Structure formats: structure tokens, C-alpha cells
Amino acid sequence: MSLLLLLGNHAAAASGYPYASVKIAFTTAPGAVPSWTDVTSYVRLAAGIVITRGRDNLLSRPNPGSMQLTFDNRDRRFEPEYAAGAYYPNVLPRRRVQVSVAWGNIYMNNTGFIERWQPIYAVGGDAVTKIDALDGLAILATVKLTGSYTSALSGTRVASILTGAAWPTADRSLAVGESTLQASTLAQVAALDHLNTVVDTENGRHFIAGDGTYKFQSRRTPLETPYNTSQATFGDGGGAELPFESITFSYDTDQLYNDIQVTRTGGAVQQAQDTASQTSYLIRTLTRTGQLHSTDATALDAANWLLQSYKDPRLRIGSIMVRGSQKYPLNWPQVFGRELGDRITVKATPPGGGTRISQDLVIDGITLTSAPRGTWTAAWKLSPIDVVPR
């Protein structure tokens, strides 16, 4: 049996399965408060749901979150130009779509905007419509801003950019920020591009949460409640450890940099180097240009912090996959409830014995997938908790 047989079925919880709900705001414009239509019963069972959000690691920028799912379209209700269709004339791009899962609590796992309706008609009479949806980062990537912004803390600048992009105030969760940014004048600059530069300057994090909220976290957020406490421990040791299905390790040069060059707009290159690391691993340069630091001194501080964080290689747990199922019911709240920026602990026992590997990590990427036989999997891309205080 597929979990999707239990979509929207409240008997699912009683039978040991979570139940999912899929809704589309057909009749409301993308920027309006959505009026939802439940389309759960039309989700095609075998195709499943795939939701991806976040970034690869601490040094990368986030891609817009994505979602793919397939509807039964044998009555043509999901056909955009079929005038007799149940949802005509509102089968349109940029309509909001939301997936939530109930397991004790209601978990909002993705809220996005439909980019593509793809009707597919097969020989023999079957018909489906596939949709591709992207989250709010895709919207922010297409809004071009022109205007002047005064010197301010990073959180204030983020708020100003979101206001300029007509992002709803109710759909924001913003840290104050630690970095004071220089004044900026933008001329047809994508809102997301400037937000990415703000986040790079802050050395923070931003993303669209599962409920559609834009979140900005400062470089101190990982040190503050609740992000300074591990939310769950996953391991292969049994007992209180929640089981993971797979794990990846890396010990390489992908995040090894011993020559850091940071340049703010209007400033000189600020360079921080570690000669011992360069002797051991040759020169590895990380360059950040066009940053928004207010002084060269703060740009140099950022270069020194990056150097201390990345001058030495370290064994990294790069990802784990966790499965929720009737066999592992304690995993359900983790599969659905963990969010980008959350801290978790992962413990692994190498086959050769000896000391276990144990690391506290932050979730930087999420791929949530429905699977056959009543299971969901969450694959998380993980980054080390900073070893150097910020």
C-alpha cells in the first residue's frame, strides 16, 4: 500500500500512518491571503510527492525550494484551457500550493507557487497533470529593485528589501543581525541577489520555511535558543538514538580554504592567510567580492573568521537519510518536523570498532519524499556547527 492511499484520510493516523493534505489557492492572486481548495483526493498514488529546500553547505547559497506531484486528470479538471473543467479559469501559473502532513501535530512541509502545469495523455485513455512548484525565493529572484538604502543592521536591510519586493509582513521571521551594512543604491537588481549579498556579509542563513515564511538568521542565531541545543539524536547504537537509514562522510578539500579575500563595495581587498595550512595543502583561495561591510576593518574581521573556520580539513558527516514508517514511528515527528537551521546530533559506529563518531550538525538542506508501503524519507544535507565563536 502507498502512503498516498492515505492522503487526507483521518483513519490513517489510527492505523499507524500519518495523513497528508494537498491544497491549491485557485481563486486568489499569489500575493493575496490564500483561499484554499483541497485537492488531496486527486493526487496520483504511484508518482508520490518530492519536496526539496535549502542549500548544499554553509558556504553555498540556497536554491528556490521545489515540489513535484501528479494529479489524476481524467475529468480534465487540471487542464488549464478546458472551459468545462471544475477549476477553470483558475488553473494558472503562480497559484499557491501547500502540502501538510498530520501526525499528532500538523506539519507544513511546503508552501510554494505553481510554475508549471503539464497535462499528459497516455494511449489507452489515462490522463494526469504534473505540477512543478517553487517557493518564495523564486518570486524574489524575479523582482527587480531600484532605490537607495541607508546604512543599517543586516536584519533591517532584509526587511527593507522584502518590503520593496512586496513580500507580506506577516510572512517574515527576521533576526536583528550583527553586521552594520553600508548604504547601497540599487538599479534593477534582483531582490534575491541583494538578499544573498546581505546574508553573505552577515555570514548568516536565509530560506523559505515549510509554512511559506521567509526566515533570516544572523551569524549568532546558532548560539541562541533553541538553535544552540540539539533537537534530536540519530545513531546506529539503539536505545534512545533514533535510527537513520544511510549516512555519508567527507574528508576532502571542498571546504578547505587557507587564503581568504574579502572585498566590500568601495573598499580594498582584505586578505587573511594561514601559511601552515598552505604548506600542508597548497594555497586554496576563497574570494568574496561586492560585500556590504561598512568598513574595511569589519571586512577583515570576516576574512579572519572564515580563515579560522576553514583552514583545516575535518571529517564531516555530510548527510543522513531518515525513514518514517510503522517500524520506526518515533521518526515521524523528525521526518516532518525538522526545519532548515535546526541542530541535531548524529552518532555512527564504524565497522572496525573503536571510538564512535559523534557530531553536532545543522540542517542545511532537506529533501522529503513519499515512498511506497506507507513511508516517507527525509534526506538532510548537514554542516558542522561552527568551531570558532562568532
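Small disclaimer: the values here were computed from a predicted structure and weren't measured.

*Asks:* Please explain the overall build of the protein chain as it appears in this structure.
*Replies:* Secondary structure assignment for the protein chain yields 7 helices and 23 strands. Taken over C-alpha atoms, the radius of gyration comes to 23 Å for the protein chain, in line with the 21 Å a tight globule of 390 residues would show. Oriented by its inertia axes, the alpha-carbon framework of the protein chain measures out at about 70 × 60 × 40 Å. Considering the protein chain as a whole, with its 390 residues, one finds that 50% of them fall into the buried category. A separation threshold of at least 6 residues defines the contact pool for the protein chain, and within that pool the share at least 24 residues apart is 66%. Of the charged side chains in the protein chain, 35 are positive and 32 negative, and the gap between their average positions amounts to 2 Å.

*Asks:* Can you walk me through a nonpolar patch on the surface in this structure?
*Replies:* Residues Phe-249, Tyr-251 and Leu-315 make up a contiguous nonpolar surface patch of roughly 310 Å² in combined accessible area. Its relative accessible area of 37% is what places Leu-315 among the partly exposed residues.

*Asks:* Could you clarify how one ought to interpret the pairing of strand S22 (residues 357-371) in this entry?
*Replies:* Successive side chains on a regular strand alternate, one facing one side of the sheet and the next facing the other. In terms of burial, S22 is a largely internal element, 11 of the 15 residues being buried. Here strand S21 (residues 343-348) pairs with S22 via 6 bridges, running antiparallel. Bridge pairing links Ile-344 to Leu-361 in S22. Strand direction decides the pairing type here: S22 and strand S23 (residues 375-384), joined by 10 bridges, are antiparallel. Paired with Thr-369 across the two strands is Thr-377, which belongs to S23.

*Asks:* I would appreciate a short explanation of helix H3 (residues 154-164) in the present structure.
*Replies:* Think of an α-helix as 3.6 residues a turn; residues three or four steps apart then line up on the same face. The set of residues buried in H3 consists of Ser-154, Gly-155, Arg-157, Val-158, Ile-161 and Leu-162. Seen from one end, H3 has its buried residues packed into an arc of 160°, which puts them on one side. Note on H3: the residue one or two positions beyond its end, Ala-166, has a positive phi of about 60°.

*Asks:* Is there a simple way to think about the pattern of salt bridges in this case?
*Replies:* For side chains bearing opposite charge, pairing can occur when the charged atoms are close. Under the counting rule described, the total for this entry stands at 22 salt bridges. In this structure, Arg-44 and Asp-126 form a salt bridge, with 3.2 Å as the shortest nitrogen-oxygen distance. With Arg-44 in the loop between strand S2 (37-38) and strand S3 (50-54) and Asp-126 in the loop between strand S6 (105-121) and strand S7 (127-134), the pair connects residues that are 82 residues apart, well separated along the chain. For Asp-72, the salt bridge is made with Arg-74, and the minimal N-O distance between the two is 2.6 Å. The class for Arg-74 is exposed, based on a relative accessible area of 58%. Through salt bridges with shared partners, one network takes in Arg-44, Asp-72, Arg-74 and Asp-126.

*Asks:* Help me understand the confidence of the model for the protein chain, please; the structure alone is not making it clear to me.
*Replies:* It should be kept in mind that the predicted coordinates are not to be read in detail where pLDDT is low. Summing up the model confidence of the protein chain, the mean pLDDT is 93 and the portion of residues at 70 or higher is 94%. Across residues 1-6, where pLDDT falls below 50, the model places 26 contacts with residues more than four positions away in sequence or in other chains. Predicted confidence is poor over residues 8-14, with pLDDT under 50, and the contacts of this stretch with residues over four places away or in other chains come to 11 contacts.

*Asks:* Which parts of the structure should I look at to understand the environment of Pro-351?
*Replies:* In this fold, Pro-351 is placed in the loop between S21 and S22. Put simply, Pro-351 and Leu-340 are 11 residues apart on the chain and 31 Å apart in space, counted from C-alpha to C-alpha.

*Asks:* Just checking my understanding: could you explain the pairing of S3 for this structure?
*Replies:* Two elements, S3 and strand S4 (residues 63-72), share 4 bridges in a ladder whose sense is antiparallel. In the strand pairing of S4, Val-50 is matched with Gln-68. As paired elements, S3 and S22 share 5 bridges and run antiparallel to each other. Within S22, the position partnered with Ile-51 by the bridge is Leu-368.

Quick notes on the rules
Residue indices begin from 1 for each chain and proceed along its sequence in written order. In view of the model being predicted, local features appear only for residues whose pLDDT reaches at least 70, and side-chain atom pairs are presented and counted only at 80 or more, with totals across whole chains, interfaces and linings using the full set of residues. For side-chain calculations, the full set of non-hydrogen atoms in the structure is used, while hydrogens and water are omitted. Helix and strand definitions follow DSSP, with helices as H or I runs of at least four residues and strands as E runs of at least two, each counted in order from the N terminus. Atoms considered for the radius of gyration are the C-alpha atoms alone. The globule rule reads 2.2 Å times the number of residues to the power 0.38. Each residue's exposure class comes from its accessible area (1.4 Å probe, protein chains only) as a fraction of the maximum for that residue type: buried when under 20%, exposed when over 50%, partly exposed otherwise. Note on contacts: a residue pair is in contact if any heavy atoms of the two residues lie within 4.5 Å. Positive charges come from Lys and Arg, negative ones from Asp and Glu, while His and the chain ends are left out of the count. By convention, the point assigned to a charge is CZ for Arg, NZ for Lys, CD for Glu and CG for Asp. Here a patch means residues that are over 30% exposed by relative accessible area and free of salt bridges, tied together within 9 Å if like-charged and within 5 Å if nonpolar (Val, Leu, Ile, Met, Phe, Trp, Tyr). In short, Shrake-Rupley with a 1.4 Å probe defines the accessible areas, and a residue's cover is counted only from the protein chains shown. What counts as a salt bridge is simple: a side-chain nitrogen of Lys or Arg found within 4 Å of a carboxyl oxygen of Asp or Glu. A pair of strands is treated as paired once DSSP finds two or more bridges between them. To be clear, the arc concerns the directions from the helix axis to the C-beta atoms. Every residue is assigned a pLDDT by the predictor, reflecting its confidence on a scale from 0 to 100.

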